[in-house]
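Each chain, letter by letter, is given below.
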Amino acid sequence: MSDTNRQSFTDKAASAIKPDSQKTTTEKVGDNIKGKMDSVASTLQPQSQKSTGQQAGDAVSGNANQNDESMLNKAKGAVGMQK
């Protein structure tokens, strides 16, 4: 099961299985947007806060980030706003 605010594993699988030649333009655009949004969500969520299932799913899909700290917290630290 995927974490909250992440693309479900079944949606990812369905998108990957169906050939692009059989997808409508709307499906292609939707898949692209969902993929990018999930990648952003993966980057923003620290590994320590991901479920085991989500870590495995990210590793398989290539979305695994190795950050112990979220990008938001890194940005806060960079501008002097501690966590």
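Residues numbered from 1 in each chain as written. Predicted model: local features only at pLDDT ≥ 70, side-chain atom pairs only at ≥ 80, totals over all residues. Heavy atoms only, no water.

**Q** So what exactly am I meant to see when it comes to the overall build of the protein chain here?
**A** A tally of helices and strands in the protein chain yields four helices and zero strands. If you list the helices and strands of the protein chain from N to C, you get α-α-α-α. Counting all 83 residues of the protein chain, 24% fall into the buried class. Taking as baseline every contact in the protein chain between residues at least 6 positions apart, the subset at least 24 positions apart corresponds to 52%. Approximately 5,800 Å² of the protein chain is accessible, and the part contributed by carbon and sulfur atoms is 57%. (Helix = DSSP H or I, 4+ residues; strand = E, 2+ residues; numbered from the N terminus. Buried < 20%, exposed > 50% of the residue type's maximum accessible area, 1.4 Å probe, protein only. Contact = heavy atoms within 4.5 Å. Areas by Shrake-Rupley, 256 points an atom, 1.4 Å probe, with all protein chains shown as cover.)

**Q** Just to check I follow, could you spell out the environment of serine 2 for this structure?
**A** With respect to the secondary-structure elements, serine 2 resides in the segment before helix 1 (9-17). Sequence separation between serine 2 and glutamine 54 is 52 residues; the distance between their C-alpha atoms is 5.4 Å. With sequence-adjacent residues up to four places away left out, serine 2 is seen in contact with Gln7, Ser8, Phe9 and Gln54.

**Q** Before we go on, may I ask you to explain the pattern of salt bridges in this structure?
**A** When their charged atoms lie close together, side chains carrying opposite charge are able to pair. In this structure the tally under the stated criterion is five salt bridges. One salt bridge connects lysine 18 with glutamate 27, and the closest N-O pair in it is separated by 3.0 Å. Here lysine 18 falls in the partly exposed class, since its relative accessible area comes to 29%. Between lysine 23 and aspartate 31 there is a salt bridge, with its nearest N and O atoms 2.7 Å apart. The network of salt bridges with shared partners includes Arg6, Lys12 and Asp38. (Salt bridge = Lys/Arg side-chain N within 4 Å of Asp/Glu carboxyl O.)

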